[in-house]
Amino acid sequence: MTFFFDRRGALAFAAALTTSLSLFAGVASAQTAAKPTEVRIGFQKYGTLTVLKAKGDLEKRLSAQGIAVKWTEFPAGPQLLEGLNVGSIDFGTVGEAPPIFAQAAGADLVYVANQPPAPTAEALIVPKDSAIRTLADLKGKKVVLNKGSNVHYLLVKLLEKQGLKYTDITVVYLPPADARAAFERGAVDAWVIWDPFLAAAERQLGARVVADGKGVVANHQFYLAERGYAEKYPQVVQAIIEELAKLDRWSENNSAAVAALLAPQIGLDLATTEVAAARFAYGIQPITPAIAAEQQKIADAFHALKLIPRPIRIADALPKSITTAAK
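Overview of the structure.

Criteria and cut-off values
- Counting of residues starts from 1 at the beginning of each chain's written sequence and follows it residue by residue.
- For this predicted model, a pLDDT threshold of at least 70 governs which residues receive local features, and a threshold of 80 or more governs which side-chain atom pairs are given and counted, while totals over whole chains, interfaces and linings are taken from all residues.
- As a convention, hydrogens and water are excluded, and side-chain values are obtained from all of the structure's heavy atoms.
- Here a Phe, Tyr or Trp ring, Trp counted by its six-membered ring, pairs with any other such ring whose centre lies within 6.5 Å, and the pair is stacked when the planes are under 30 degrees apart, edge-to-face when over 60, and tilted otherwise.
- Only DSSP runs of H or I reaching four residues or more are called helices, and only runs of E reaching two or more are called strands; each is numbered from the N terminus.
- Placement of a positive charge over a ring is assigned whenever Lys NZ or Arg CZ falls within 6 Å of the ring centre and within 35 degrees of the normal to the ring plane.
- Remark: exposure states derive from per-residue accessible area (1.4 Å probe, protein chains only) relative to the maximum for the residue type, with buried under 20%, exposed over 50%, and partly exposed in between.
- The contact definition used throughout considers only heavy atoms, calling two residues in contact when any of these lie within 4.5 Å.
- What makes a salt bridge here is a side-chain nitrogen of Lys or Arg within 4 Å of a carboxyl oxygen of Asp or Glu, nothing more.

Topic: the packing of aromatic side chains
Inference 1: Scanning the entire structure with this criterion turns up 10 aromatic pairs.
Inference 2: When the centroid spacing of 5.2 Å and the interplanar angle of 85° are considered together, the rings of Y111 and F222 count as edge-to-face. Taken as a pair, Y111 in strand β5 (residues 109-114) and F222 in strand β11 (residues 222-226) lie far apart in primary sequence, 111 residues in all.
Inference 3: Among the aromatic residues, those joined into a cluster by ring pairs are Y46, F280 and Y282.
Inference 4: In this structure, K55 packs its charged tip against the face of W250, placed 4.6 Å from the ring centre.

Shown next, in the form of structure tokens:
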């Protein structure tokens with residue numbers, strides 16, 4: 001696993017986060033903001049939010065303030081942010097691409113924090129007996145993925161690296177469970193997917209990695225909140241991030257325990273979960289202008305390919321403390 005969070009880093013992050021979250025509420029500070037009765041969190045079958053849910057530390061912290069935590073599982077990032085957009089959740093974690101698609105669709109979200117890059121946690125895979133050996137072999141083939149997920153951008157960049165056009169392949173859009181079924185029965189030639197689905201396909205199906213994100217994409221995970229909730233209850237958002245920071249520091253010395261907690265949560269055996277967990281990057285960080293600039297490049301690439309209907313400004317979805325620096 002990759003870890004970036006030492007004690008000094010944690011203190012610096014807490015200070016930066018407090019500044020950003022207090023700006024969500026304008027003149028109101030996190031300490032004086034109103035208190036909700038609950039926070040609704042969206043999560044997927046992997047990542048630090050899933051571990052946080054399993055440990056129960058956030059519930060312990062917020063229950064003392066009379067705030068309940070409600071968890072809702074989503075199959076992928078785009079579906080999670082649709083839930084945020086329609087008001088069924090207040091906070092969640094997704095990859096780089098989903099917030100871009102959501103913002104283009106009019107979602108009123110705000111970036112809160114991100115995990116470090118984890119480029120090997122997503123890949124383009126093929127069946128073990130496939131004739132596809134290189135990216136060049138993808139021309140004319142069917143590739144399945146979850147539309148608007150991180151792997152969507154991975155595919156764009158892999159094709160670009162090989163000198164292929166997006167139109168040189170046939171892209172099939174399916175959520176992970178349906179994509180796996182299509183992959184297993186040979187209805188598609190390749191699958192672009194992330195962990196833990198990636199680890200499961202490797203171990204259970206013998207799937208072969210043609211290329212992962214290393215040297216191609218960063219594959220950040222982002223924490224996002226519904227803007228209205230973040231502005232009204234910044235202290236709750238801050239509490240979530242602080243608990244995630246503690247969790248990252250705990251994970252550094254407890255990798256076996258992390259996998260043991262994840263396995264029953266995601267419904268995979270321990271060995272497969274350990275493979276997936278080893279590729280995740282821990283060490284929660286505040287959103288910076290540099291990270292925002294990376295997001296803007298992804299948004300511009302999607303618009304150029306007409307995958308989103310209009311150009312967007314990532315700056316419009318940033319905490320006010322860094323909006324000016326990332327236009």
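And the narrative resumes.
Remarks on helix α8 (residues 197-205)
Because the α-helix completes a turn every 3.6 residues, residues three or four places apart line up on one side.
Inference 1: All of the buried residues in α8 are L198, A199, A200 and A201.
Inference 2: In this structure, the buried residues of α8 make contact with β6 (122-126), α7 (176-184), β9 (190-194), β10 (208-212) and α12 (270-277).
Inference 3: Phi turns positive, to about 75°, at G206, one or two residues after α8.

Considering helix α5 (residues 97-104)
Inference 1: Most of α5 is tucked away, with 8 of its 8 residues classed as buried.
Inference 2: Along α5, the residues classified as buried are A97, P98, P99, I100, F101, A102, Q103 and A104.
Inference 3: Each element contacted by the buried residues of α5 is listed here: α4 (77-85), β4 (91-94), β5, α6 (150-162), β11 and α13 (289-304).
Inference 4: Backbone geometry just downstream of α5 places G106 in the positive-phi region, at approximately 100°.

Digging into the pattern of salt bridges
Any two side chains of opposite charge can pair, given that their charged atoms come close.
Inference 1: Following the criterion strictly, the structure yields 12 salt bridges and no others.
Inference 2: Between R61 and E243 there is a salt bridge whose closest N-O contact spans 3.0 Å. Pair noted here: R61 is in helix α3 (residues 57-63) and E243 is in helix α10 (residues 234-252), with a separation of 182 residues, a long-range link.
Inference 3: On the basis of relative accessible area, E243 is assigned to the buried category, the value being 7%.
Inference 4: Put simply, E243 and K246 hold a salt bridge, and the shortest N to O gap is 3.2 Å. Placement of the pair is E243 and K246 together in helix α10, with a separation of 3 residues, close to one helical turn.
Inference 5: Each of R61, E242, E243 and K246 takes part in a single network of salt bridges with overlapping partners.

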